[in-house]
Amino acid sequence: MPDSALPVPRRLAYAVGHFLNDLCACMWFTYLLVYYHSVLSFRDTSAGLLLLVGQIADGVATPLVGYESDRTRGCGSYGKRKTWHLIGTISVLVSFPFIFNPCVGCGVGTPQWVGLIYFMPFIIVFQFGWAATQISHLSLIPELVTCEHAKVELTAYRYAFTVVANITVYGVAWLLFHFQHAADPSVADHLSQVDIPVFRDLALIVLGIGAIFSVIFHLGTRERVQYRDETGEGHRLLPDLSSSTRPLLLWKHWFTEPSFYQVAFLYMCTRLIVNLSQTYISMFLINSLLLPKKYIATIPLVIYISGFVSSLALKPASKRIGTTMTYFLGLMPILGFAIWVLLDQQMGIRVYGAAILLGSGSAVILVMSLSMTANLIGDQTQSGAFVYGAMSFTDKVANGLAVMLIQGLYPCRTLVCCPECMWFYHVVMVTVTGGVALVAGFCLCTMIFWPIRIRRHYSSICTYSSITLTIQFTGRLRRKCLLAGGLLCGQV
């Protein structure tokens, strides 16, 4: 579909398709550790183990879902991407409420390992559903728009609603904490089991809101249905003849592409910065800066509002200086945040200024990394879901292992934060932002010398009725399209 044929209402309908995922991911990364550790009184390693299980389940599910999403046809004429999106949405809706509710049937004397076994199945189902929704939604970008700037714009639309989703979660959380204190002024400023209803109500509210936006996505987004040949590969009913000079890349061909590894590593670094800072910002605020619990709602809110503002300038910036340089500019405020946290150990309310830097930089690098992935795929939409799944696999596994490593290094052996943990979370925030940003900058330098593009040549599959022909692409061969009785291939 040409970019001009995708009006603003259709773009908005597409952009809200990830809203439920964004709402749940916000709660998952921001409140999972603090909820299980400070509210349910799980040990720090047990809370980290639950997050690791979820990340590994997500990491395994994403490439598998991507592969199946590329090769399956979908449910009738509904479209394969939207079919997988619907499966994922249902899985999230039925599993997520149990994650932020206490173990049913467990009491004070119940061993902690029972709670771990109870929560793991719900976490695995949730992560499968989250992966199915994410990969199918991302895979629609190269199919809905074709030019680079249109992909950046559509990704920016998508990220804008990601920001709105995070603002919604933190806004509702702030209201729930505020009403809790207004109803009972004796409630302490630190988290405890008395806050269980707050997190339960928050989970149910975000699920209700997300379900509404998922319905809007399915009603307002149209996916082009593909037919399938004998090789199992999908083809559009109306082929894009302008792209017929390109080789056809199957999922296995991507492993021989250097750019595939460049983008995957950069995307992994981006997600480490965004997700780990989001995961440990609550711990940092409560344990290092000793701020009241309402700050775990207001500071993340400031982060995502600043991210929303910075995302508005992404399209003109990337159009003028390119995605690579725009990503580099996004790293600057993140490094500024890390230096600020390192030097100012008693930030107090100055943490709002640091939060603005972190939010604005995180928005830029996240949108640009997704745009780079879309540019890498280009018109190879037949294997696009696998590429997104592979990118997400590196992200999820790296995040899970990083959280488990950090939790294992936690210096205190009690549920209450000891003096050593105050400095510990300072180091964590500096490392997951500034340290990873330096590594991402090095990876970005490789893209300056070796730009993102497909460098190798492959075999393309052409079909005529039941006859399958294989054409080898070498160098710069010219091809012409022979349209005769269904035969769509040829070269001279």
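Relevant structure appears above.
Calculation notes
- Along each chain, numbering runs from 1 in the same order as the chain's sequence is written.
- Two thresholds apply to this predicted model, a pLDDT of at least 70 for residue-level local features and 80 or more for giving and counting side-chain atom pairs, whereas whole-chain, interface and lining totals are computed over all residues.
- Side-chain descriptors were evaluated using all non-hydrogen atoms of the structure, hydrogens and water having been removed beforehand.
- Residues enter a nonpolar core if they are buried and are Ala, Val, Leu, Ile, Met, Phe, Trp, Tyr or Cys, with the set joined through side-chain atoms within 4.5 Å.
- Think of it in three bands: with a 1.4 Å probe and only protein chains considered, a residue is buried below 20% of the maximum accessible area for its type, exposed above 50%, and partly exposed in between.
- Each helix corresponds to a stretch of at least 4 residues labelled H or I by DSSP, and each strand to a stretch of at least 2 residues labelled E; elements are numbered beginning at the N terminus.
- A contact between two residues is defined here by any heavy atoms of the two lying within 4.5 Å.
- A cavity here means a set of 1 Å grid points, computed over protein atoms only, where a 1.4 Å probe fits but cannot escape. A pocket is an open set with protein on both sides within 12 Å along at least 5 of 7 lines, and lining residues have an atom within 4 Å of a point.
- Grid points are joined across faces, edges and corners, and a volume is the space filled by probe spheres set on the points.
- Under the scheme applied here, ten amino acids are nonpolar (Ala, Val, Leu, Ile, Met, Phe, Trp, Tyr, Cys and Pro), four are charged (Asp, Glu, Lys and Arg), and all others, including Gly, are polar.
- Here, a salt bridge means any Lys or Arg side-chain nitrogen found within 4 Å of an Asp or Glu carboxyl oxygen.

1. Side note on the nonpolar core
Membership of the largest hydrophobic core comes to 140 residues, with the highest contact counts inside it found for Tyr-31, Tyr-36, Phe-96, Phe-100 and Tyr-280. When residues of this core are assigned to their parent elements, the largest contribution, 16 residues, is made by helix α2 (residues 19-39). The residues touching Phe-96, leaving out its near neighbours within four places in the chain, are Cys-24, Met-27, Phe-126, Ala-203, Val-206 and Leu-207.

2. Let's talk about the environment of Thr-324
With respect to the helices and strands, Thr-324 occurs in helix α11 (residues 314-343). Along the sequence, Thr-324 and Ser-371 sit 47 residues apart, while their C-alpha atoms lie 10.0 Å from each other. Beyond its immediate sequence surroundings of up to four residues, Thr-324 is in contact with Met-372, Leu-444 and Ile-448.

3. Considering the side chain of His-218
Within the secondary structure layout, His-218 lies in helix α8 (residues 196-220). By relative accessible area, His-218 is classed as buried at 12%. Apart from residues lying up to four places away in sequence, His-218 is in contact with Tyr-78, Lys-82, His-85 and Leu-86.

4. Describing empty space enclosed by the protein
Where empty space is left in the structure can be found by rolling a water-sized probe over the atoms. This model, assessed by the stated rule, comprises five cavities of 30 Å³ or more. The calculated volume of the largest cavity comes to roughly 340 Å³. Thr-162, Arg-271, Val-274, Gln-278 and Tyr-304 are, among the 27 residues lining the largest cavity, the residues nearest its centre. Secondary-structure elements contributing two or more residues to the lining of the largest cavity are α2, α7 (148-183), α9 (258-288), α10 (295-311) and α12 (351-377). The greatest single-element share of the lining of the largest cavity, amounting to six residues, is contributed by α9. Its residues placed into classes, the lining of the largest cavity shows 14 nonpolar, nine polar and four charged.

5. Quick notes on the pattern of salt bridges
Tallied over the full model, the rule gives five salt bridges. Across the salt bridge formed by Lys-293 and Asp-195, the nearest N and O atoms sit 2.9 Å from each other. Residue Lys-293 is located in the loop between α9 and α10, and its partner Asp-195 is located in the loop between α7 and α8; the two are separated by 98 residues in the primary sequence. Linking Asp-344 and Arg-350 is a salt bridge whose minimum nitrogen-to-oxygen distance equals 2.8 Å. Residue classification places Asp-344 among the buried residues on the basis of a relative accessible area of 15%. Connected via shared salt-bridge partners are Asp-58, Asp-395 and Lys-396.

6. Considerations on the environment of Leu-272
Assignment of secondary structure puts Leu-272 in helix α9. Given the relative accessible area of 12%, Leu-272 is considered buried. Linking Leu-272 and Gly-400, residues 128 residues apart in sequence, is a C-alpha distance of 9.7 Å. Excluding its chain neighbours within four sequence positions, the residues that come into contact with Leu-272 are Ser-277, Ala-398, Asn-399, Ala-402, Val-432 and Val-436.

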